[in-house]
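Remarks on the overall topology
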Amino acid sequence: MQLRSWQKIALAAVMAAGVLATSRTARAYPQFQFSTGNTQCSLCHFSPVGGGLINAYGRYEAEATISRGGNGDFLHGLWEPPKWLHLGGDYRGAFLYKKVGVEPHDALFPMQADTYVNIEAGDFSFSGIVGLRAAAREPRPELHERIISREHYVMWRPKRTGPYVRAGRFFAPFGLRLPDHTAYILRYQGFNSLQETYGLSGGMVEKDWEAHVTGFGPAPFWRVGPKAWGGAGTYEHHIGKKAAVGAQAKVAASPEDTQYIAGGVGKVYIEPAKLLVLSEVDLGLQTFDADNSPSRKQLAAYLGLTYFPIQGIMVGTAVERYDEDLDIKDTERDSLNLTVQYFFRAHFELMLMGKLEAQDQDYGDPTVLGLAMLHYYL
């Protein structure tokens, strides 16, 4: 049956509206860098650092090298927008099980409902995301209080390589852009869910290296998010086509404290073993404006291994540590997680994750987290 143009547009709107639910931070999958044969995350995304809406090449990769077949085009190829307009979305539903002490809790809830738009006009473009804030716990806020735009910016970028400048709301490029916003390197360093800031960012993306510098401030229109002003810089250098090392630094000053962070990342894909290694280590110093408040030396570390047994399946494990004060004993948090992701068809992903978390090295009674998630993207 052939659909008329207006019917295709209506179908797109109905599908988008029908799965609107709850928003989670939209991040990239750094596991696909190097493992798919692509060295730059920006090859598949409109963002110069990856994440968010995927472009035509990213949609091709999704069907050809990541998923078990299918049509990766927007709306499965039912309708092709004009060349200057790019649309998409991420929608996730999840079942969560969590046990802290002797009390288990579970919830079935919509995790993410983000709709993307990218409009191009020559060397300039506008990108935006509109979604709903997560609401897994009661009482839930009213619908109008949950609508939020976590990311929107204008950008000048003449080519996919070379310089760019963008201004608006987005995460400052820094470290590994993991999809799990609860990872310690994100959660405790200003990159948790709904912590996007407003900023002015510029950089260079070249074949063998990339660099990004950002100045940022708090979001003036939303009550959520950090209230800090600061800056961040990151540099990544590729070693051949299967590895990279990088360094990053950040400073963020709020009315209560100032946080200084410096660290590095490492990535390597061992092709014969189909194994990707991702690592990040950051050292921090947190100072407080209150009189006689001591500063804190901090550590955040991540080591992840991802195995690709066959096309469409990723099996990952990661160990993490966060120490909020290196001078005080028993302030550490440690976690171990195992994740299985199945991309059974273009546009679809099934994920199962289990995580154990221990505080103060109390490994005998860890927090237990289990998550089952179904992900669909337009």
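The shown structure was predicted, so the numbers you read here are calculated from the model rather than taken from an experiment.

1. Structural notes on the overall build of the chain
Helix and strand counts for the chain come out as 4 helices and 16 strands. The 378 residues of the chain split such that 49% are buried. For the chain, the proportion of contacts with a sequence separation of at least 24, taken over those separated by at least 6, is 56%. Accessible area of the chain: about 18,100 Å², with a carbon and sulfur share of 62%.

2. Structural notes on the confidence of the model for the chain
Scored by pLDDT, the chain has a mean of 88; 89% of the residues are at 70 or more. Scored below 50 in pLDDT, residues 1-24 makes 48 contacts in the model with residues more than four places away or belonging to other chains.

3. What to know about a negative patch on the surface
On the surface, a cluster of negative charge is made up of Asp330, Asp360, Asp362 and Asp365. Of the residues examined, Asp330 reaches a relative accessible area of 35% and is grouped as partly exposed.

4. Details of the nonpolar core
Core analysis: the biggest nonpolar cluster contains 32 residues, and Leu176, Leu178, Ile185 and Tyr302 have the highest contact counts within it. At the level of elements, α4 (184-187), β9 (243-253), β10 (257-270), β11 (275-288), β12 (296-307) and β13 (313-323) are the ones that each hand at least two residues to this core. With 9 residues, the next largest nonpolar core counts Ala107, Met111, Met353 and Met373 among its residues.

5. Some remarks on the environment of Thr197
Residue position: Thr197 is located in strand β6 (residues 197-205). In this structure the C-alpha to C-alpha distance between Thr197 and Arg150, which are 47 residues apart in sequence, comes to 8.7 Å. What Thr197 contacts, discounting residues up to four positions off in sequence, is Gly168, Arg169, Phe170, Phe216, Gly217 and Pro226.

6. So, unusual backbone geometry
Leaving glycine aside, a negative phi is the common case for residues, and trans is the common case for peptide bonds. A positive phi angle, near 65 degrees, is found at Asp330, a position not held by glycine. Its location among the elements puts Asp330 in the loop between β13 and β14 (332-345). Of note in this structure, His347 is not a glycine but carries a positive phi near 90 degrees. In this structure, His347 sits in the loop between β14 and β15 (348-359). What makes His347 buried here is its relative accessible area of 0%.

7. Here we look at the side chain of Ser149
With respect to the element layout, Ser149 can be found in strand β4 (residues 147-156). Polar side-chain contacts of Ser149 include one of 3.4 Å to the backbone oxygen of Glu151. Separated by 2.7 Å, the side chains of Ser149 and His152 make a polar contact.

8. Details of the side chain of Gln298
Position of Gln298 relative to the elements: it lies in strand β12. Looking at Gln298, its side chain comes within polar contact range of the main-chain oxygen of Glu324, at 3.2 Å. With sequence-adjacent residues up to four places away left out, Gln298 is seen in contact with Gln259, Asp282, Leu283, Gly284, Gln286, Tyr322, Asp323, Glu324, Asp325 and Leu326.

9. With respect to the pattern of salt bridges
Evaluated as defined, the whole model comprises 11 salt bridges. In this structure, the salt-bridge partner of Arg321 is Asp334, at a minimum N-O distance of 2.6 Å. Placement of the pair is Arg321 in strand β13 and Asp334 in strand β14, with a sequence separation of 13 residues. A relative accessible area of 26% means that Arg321 is categorised as partly exposed. Each of the salt bridges in this network shares a partner with another, and the network as a whole consists of Asp114, Arg150 and Glu196.

Procedures and definitions
- Residues numbered from 1 in each chain as written.
- Predicted model: local features only at pLDDT ≥ 70, side-chain atom pairs only at ≥ 80, totals over all residues.
- Heavy atoms only, no water.
- Helix = DSSP H or I, 4+ residues; strand = E, 2+ residues; numbered from the N terminus.
- Buried < 20%, exposed > 50% of the residue type's maximum accessible area, 1.4 Å probe, protein only.
- Contact = heavy atoms within 4.5 Å.
- Areas by Shrake-Rupley, 256 points an atom, 1.4 Å probe, with all protein chains shown as cover.
- pLDDT = per-residue confidence, 0-100.
- Patch = residues over 30% accessible without salt bridge, like charges linked within 9 Å, V, L, I, M, F, W, Y side chains within 5 Å.
- Salt bridge = Lys/Arg side-chain N within 4 Å of Asp/Glu carboxyl O.
- Lys, Arg positive; Asp, Glu negative; His and termini not counted.
- Charge placed at Lys NZ, Arg CZ, Asp CG, Glu CD.
- Core = buried A, V, L, I, M, F, W, Y, C linked by side-chain atoms within 4.5 Å.
- Polar contact = N/O pair within 3.5 Å; in protein donor to acceptor, adjacent residues only side chain to side chain.

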